[in-house]
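Survey of secondary and tertiary structure
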Amino acid sequence: MKRLLLLSLLTVSAEVSAQTNKLSDAQLLAGAKTFFAEYLAAHAANDGRRAAALYHDTARIIVTRQSATTGNRTLELTGAQYKKLAVSVPLTETPDRYFNVSYQVKGAFVQISAQRQSLSRGYTAPNILFVQPDAAGRFWIMAEQGVQVVK
């Protein structure tokens, strides 16, 4: 699934990468770390609009929902679909905690991998973001792959 996400990511974000000025790996990593701090701040504030604004409209979000009663189900959304959802449903749960965060440059993208601990639902699962700057230097989430455990 991770390969599929990366391949589709390359296709989906061709318009952004075509406009991106070539940044060094150090610049990409620094920008991604600053961007991820914004991502964490938006979630800590339960600010759905602020969180939604970090996703590019063409982003691809893949979430695997794991349930002991109904099995696994994969949900796929575009960034535009996710934005509508994020602003329509208030973030009222206890903000998630992220740990074991790592950053890896993959061409024009930075892969941000972390363990996401859902404090309100009581589980920990992997979460991966692929972020990329546009021509103006603004970073966007271009893809996300995560797991939700439904009890």
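Anything mentioned here points back to the structure above.
The residue numbering used here restarts from 1 in each chain and proceeds along that chain's sequence as written. Only residues with pLDDT of at least 70 get local features here, since the model is predicted, and only at 80 or more are side-chain atom pairs given and counted; chain-wide, interface and lining totals rely on the full set of residues. To obtain the side-chain values, all non-hydrogen atoms of the structure were used and water was disregarded.

**Topic: the overall build of the protein chain**
Selection rule: Counting from the N terminus, the helices are DSSP H or I runs at least four residues long and the strands are E runs at least two residues long. Throughout this description, buried means an accessible area under 20% of the type-specific maximum (1.4 Å probe, protein chains only), exposed means over 50%, and partly exposed covers the range between. Any two residues whose heavy atoms approach within 4.5 Å at even a single point are treated as in contact. Surface accessibility follows the Shrake-Rupley procedure with a 1.4 Å probe radius. Residue values consider only the protein chains on display as shielding.
Looking only at helices and strands, the protein chain has 5 helices and 6 strands in total. When its helices and strands are written in sequence order, the protein chain yields α-α-α-α-β-β-α-β-β-β-β. When burial is assessed residue by residue, the protein chain has 38% of its 151 residues classed as buried. Pairs at least 24 apart in sequence give 55% of the contacts found in the protein chain among residues at least 6 apart. When the accessible surface of the protein chain is split by element, carbon and sulfur atoms take 54% of a total near 8100 Å².

**Brief notes about the pairing of strand S1 (residues 55-67)**
For clarity, the threshold we go by: Whether two strands pair depends on DSSP finding at least two bridges between them.
Bridge count between S1 and strand S6 (residues 139-150): 9 bridges; the pairing is parallel. Pairing of Ile-62 across the sheet is with Gln-145, part of S6. With 8 bridges connecting them, S1 and strand S2 (residues 71-78) associate as antiparallel partners. Its bridge partner lying in S2, Arg-65 is registered against Arg-73.

**Things to note about the sheet that holds S2**
Rule in force here: Note on geometry: axes are C-alpha line fits, over the in-contact stretch for helices, and angles between N-to-C directions span 0 to 180 degrees.
The strand order S2-S1-S6-S5-S4-S3 describes an open sheet built from 6 strands, whose pairing is mixed. Either end of the sheet is taken by a strand with one partner, and the two such strands are S2 and strand S3 (97-106). Strand-to-strand, the axes of this sheet are offset by a mean angle of 15°, without reference to chain direction. Of the pairings in the sheet, the one linking strand S5 (residues 123-133) to S6 comprises 7 bridges and is antiparallel in character. For Gln-132, the partnering residue across the bridge sits in S6 and is Trp-140. Sheet strands in contact with helix H3 (residues 25-44) are S1, S3, strand S4 (109-118), S5 and S6, and its direction is about 155° off that of S3. Helix-sheet contacts for helix H5 (residues 79-88) involve S1, S2 and S6, and the interaxial angle to S1 is about 70°.

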